[in-house]
Amino acid sequence: MFLILGIIWVPFLALNIMHPEQPTPKSDVTKLVDRLIVTKKISYQQYQDLSRMVMADGTVDEQERRQINRLFDAIQAGAVRIID
């Protein structure tokens, strides 16, 4: 670990200790996944809404990928049911 001008360098990650980042607000994708997990169900319409949100910009970023995996894990574990 090196200390250079107020920045701590960690492999593949730089943390600025002079100006810590503010927590980012939850994305719409995260809010929808949270709601699906709390209600323990997902409908085909909600699946389509989630798909549109994720693909709105034509790419799937890391945060969106994590949320999709989180939802799929909950479905596989039986914590979220697929309804029609």
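Owing to the predicted nature of the structure, the values given are computational and were not obtained by experimental measurement.

Moving on, we come to the pattern of salt bridges. Throughout the structure, instances matching the rule amount to four salt bridges. With its nearest N and O atoms 2.6 Å apart, the salt bridge here joins Asp34 to Arg70. Taken together, the residues span a long stretch of sequence, with Asp34 in helix 1 (residues 28–39) and Arg70 in helix 3 (residues 62–76) at a distance of 36 residues. Residue classification places Arg70 among the partly exposed positions, given a relative accessible area of 32%. Between Asp49 and Arg52 there is a salt bridge; the shortest N-O distance is 2.9 Å. Separated by three residues within a single helix, Asp49 and Arg52 lie in helix 2 (residues 44–55), roughly one turn from each other. Overall, the relative accessible area of 29% leaves Asp49 in the partly exposed class. Residues participating in the shared-partner salt-bridge network are Glu62, Arg65 and Arg66.

About the thresholds
Starting from 1, residues in each chain are numbered consecutively following that chain's sequence as written. In view of the model being predicted, local features appear only for residues whose pLDDT reaches at least 70, and side-chain atom pairs are presented and counted only at 80 or more, with totals across whole chains, interfaces and linings using the full set of residues. By convention in this description, side-chain values take in all heavy atoms of the structure and omit both hydrogens and water. For this document, the term salt bridge refers to a Lys or Arg side-chain nitrogen within 4 Å of an Asp or Glu carboxyl oxygen. Segments assigned H or I by DSSP are reported as helices when at least four residues long, segments assigned E as strands when at least two residues long, and all are numbered from the N terminus. Residue burial is assigned from relative accessible area. The probe radius is 1.4 Å, only protein chains are included, and a residue is buried under 20% of its type maximum, exposed over 50%, and partly exposed in between.

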